[in-house]
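Okay, here's what each chain looks like letter by letter:
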Amino acid sequence: MGVIDKIEKMREERGWTKYKLADEANLTYSSLMSMYARNTPPKLDILEMICTAFGISLAQFFADGSVAEILLPDEKELIRKYRRLTDEKKRAVNILIDK
């Protein structure tokens, strides 16, 4: 998967528009669209801004699939809280999620 394809996949996973990605990365929309139009990977500083918007490092962006999925801060907090629950409460949470 190419760099632009990976950016696009991560953008879609978050439900972001291209405008939202540009905004979150502190890029102009035209700069982002130019990258897409040329179908060329962004320069390293731009890619770093995009990674920051996604909440990941450049190393995480380029890691192969063998690395654990990157979690957003609220997801990490949810897991931290879940791990402190009793088994009974974990079952209740799982039932709630399944519904």
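Residues numbered from 1 in each chain as written. Predicted model: local features only at pLDDT ≥ 70, side-chain atom pairs only at ≥ 80, totals over all residues. Heavy atoms only, no water.

*Asks:* Would you explain the side chain of R11 in this entry?
*Replies:* Among the structural elements, R11 can be located in helix α1 (residues 3-14). Discounting chain neighbours no more than four positions away, the residues touching R11 are W16, T17, K18, L21, Y36 and F54. (Helix = DSSP H or I, 4+ residues; strand = E, 2+ residues; numbered from the N terminus. Contact = heavy atoms within 4.5 Å.)

*Asks:* Is there a simple way to think about unusual backbone geometry in this case?
*Replies:* Negative phi is the rule for most residues except glycine; trans is the rule for most peptide bonds. The backbone of N26 sits at a positive phi, close to 60 degrees, despite the residue not being glycine. Along the chain, N26 falls in the loop between α2 (18-24) and α3 (29-38). Look at N26 and you get exposed, because its relative accessible area is 66%. In this model, N39 sits at a positive phi of 55 degrees, which is unusual for a non-glycine residue. Along the chain, the position of N39 falls in the loop between α3 and α4 (44-54). (Buried < 20%, exposed > 50% of the residue type's maximum accessible area, 1.4 Å probe, protein only.)

The values reported here are purely geometric and, on their own, carry no functional implication.
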